[in-house]
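# Survey of secondary and tertiary structure
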Amino acid sequence: MASKDVQNQRSRGLPGFLPGASDLDHSLYVSPSNPDNQVWQPDHPPPGSLPPGLNYLSQLDLIIVHQQVELLGMILGTETVNKYEIKNSLGQRIYFAVEESICFNRTFCSTLRSCTLRITDNSGLEVITVNRPLRCDSCWCPCYLQELEIQAPPGTIVGYVAQKWDPFLPKFTIQNANKEDILKIVGPCATCGCFGDVDFEVKTINENLTIGKISKYWSGFVNNVFTNADNFGIHVPVDLDVRVKAAMIGACFLFDFMFFEHSLAGL
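Note that this is a predicted model, so its numbers are computed, not measured.

### Overview of the side chain of Gln-175
Mapped onto the elements of the fold, Gln-175 is located in strand 10 (residues 171–176). Using a relative accessible area of 7% as the deciding quantity, one classes Gln-175 as buried. Engagement of the side chain of Gln-175 in a polar contact is seen with the side chain of Asp-181, the distance being 3.0 Å. Setting aside chain neighbours within four positions, we find Gln-175 in contact with Val-158, Gly-159, Tyr-160, Ala-162, Lys-164, Glu-180, Asp-181 and Ile-182.

Here it is, written out as structure tokens:
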């Protein structure tokens with residue numbers, strides 16, 4: 001289904017190389033929010049400041065995240081580690097992500113479990129590390145909501161994804177390394193996605209402008225009921241800073257855990 005989803009998306013001409021080959025030497029990024037002027041505006045980062053292995057993201061305005069089906073988990077009914085292929089709009093794999101967590105957490109903490117997701121390029125080099133601590137996700141516990149830490153390269157924090165309390169809608173912020181809010185992500189009131197995609201809109205901090213979205217693609221009744229495999233599309237401006245794009249990949253993983261981890265939740 002991932003190939004079908006990719007074919008339905010708008011493709012952009014891409015150079016014939018993937019991460020691990022030649023890289024571009026430029027990108028743009030989102031400036032930290034200013035209380036007096038909260039609008040999105042791209043700026044040039046300092047030359048040579050791009051994290052190694054992420055330069056290729058500077059060319060993309062669509063990132064596909066495809067969860068791999070774990071047949072053993074389906075047969076035994078056990079919770080196995082999540083694995084994801086990260087692809088460009090042409091369906092070419094650019095990164096591979098693997099969850100690291102202990103069986104106890106997967107069994108008893110389920111979708112709230114603490115874990116680490118290690119993202120490698122096609123040469124096997126780890127370029128992004130996503131750390132998820134054990135936290136709550138209930139509106140009844142607003143002081144300890146979900147949070148991800150994004151490192152690129154591993155050991156260097158470049159951003160966070162933080163859940164914000166809201167009684168009606170799922171809301172999150174993308175933050176820089178100093179925990180300053182950069183963008184806001186607002187999800188729908190219902191994330192069941194019955195017979196359709198579920199869109200999480202990426203907005204400016206004041207929520208006046210939508211600059212992109214993270215979509216959970218509906219892949220059919222049979223697939224959603226009998227497998228845990230989910231497909232996502234991250235639609236962003238091509239000139240968005242690669243660090244923010246890396247954080248949005250992390251946000252995609254978080255949404256999968258929170259809203260679509262169990263098969264029936266993905267309907």
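Let us keep going from here.
### Digging into the environment of Cys-252
With respect to the element layout, Cys-252 can be found in helix 5 (residues 242–260). For the pair Cys-252 and Gly-233, spaced 19 residues apart in sequence, the C-alpha separation works out to 8.6 Å. When residues no more than four places from it in sequence are discounted, the contact partners of Cys-252 are Val-65, Ile-214, Phe-232 and Ile-234.

### Observations regarding the sheet that holds strand 4 (residues 83–87)
Taken together, the 12 strands give a closed barrel; going around it, the order is 3-4-5-6-7-8-9-10-11-12-13-14, and neighbouring strands pair in antiparallel fashion. Averaged over all adjacent pairs, the angle separating strand axes in this sheet is 20 degrees, with direction ignored. Pairing geometry for strand 7 (residues 126–132) and strand 8 (residues 147–151), over three bridges, is antiparallel. In the strand pairing of strand 8, Thr-129 is matched with Gln-151.

### A word on the pairing of strand 8
Taken across its five residues, strand 8 has five buried, putting it largely inside the fold. Bridging between strand 8 and strand 9 (residues 157–164) involves five bridges; their strand directions are antiparallel. Considered in strand 9, the bridge of Leu-148 is made with Val-161. Where strand 8 folds back on strand 9, the antiparallel hairpin that results is connected by five residues, among which Gly-155 adopts a positive phi of roughly 100 degrees.

### Regarding unusual backbone geometry
Negative phi is the rule for most residues except glycine; trans is the rule for most peptide bonds. Residue Ala-152 is joined to Pro-153 through a cis peptide bond whose omega torsion reads -5 degrees. Mapped onto the elements, Pro-153 comes out in the loop between strand 8 and strand 9. We note that Lys-179 has phi near 65 degrees; this positive angle belongs to a residue other than glycine. Locating Lys-179 in the fold gives a position in the loop between strand 10 and strand 11 (181–186). For Lys-179, a relative accessible area of 42% translates into the label partly exposed. Positive phi values are uncommon outside glycine, yet Glu-207 reaches one of about 65 degrees. Glu-207 sits in the partly exposed class, given a relative accessible area of 27%.

Basis of the calculations
- Residues numbered from 1 in each chain as written.
- Predicted model: local features only at pLDDT ≥ 70, side-chain atom pairs only at ≥ 80, totals over all residues.
- Heavy atoms only, no water.
- Helix = DSSP H or I, 4+ residues; strand = E, 2+ residues; numbered from the N terminus.
- Buried < 20%, exposed > 50% of the residue type's maximum accessible area, 1.4 Å probe, protein only.
- Polar contact = N/O pair within 3.5 Å; in protein donor to acceptor, adjacent residues only side chain to side chain.
- Contact = heavy atoms within 4.5 Å.
- Pairing = 2+ DSSP bridges.
- Axes fitted to C-alpha atoms, helices over the stretch in contact; angles between N-to-C directions.

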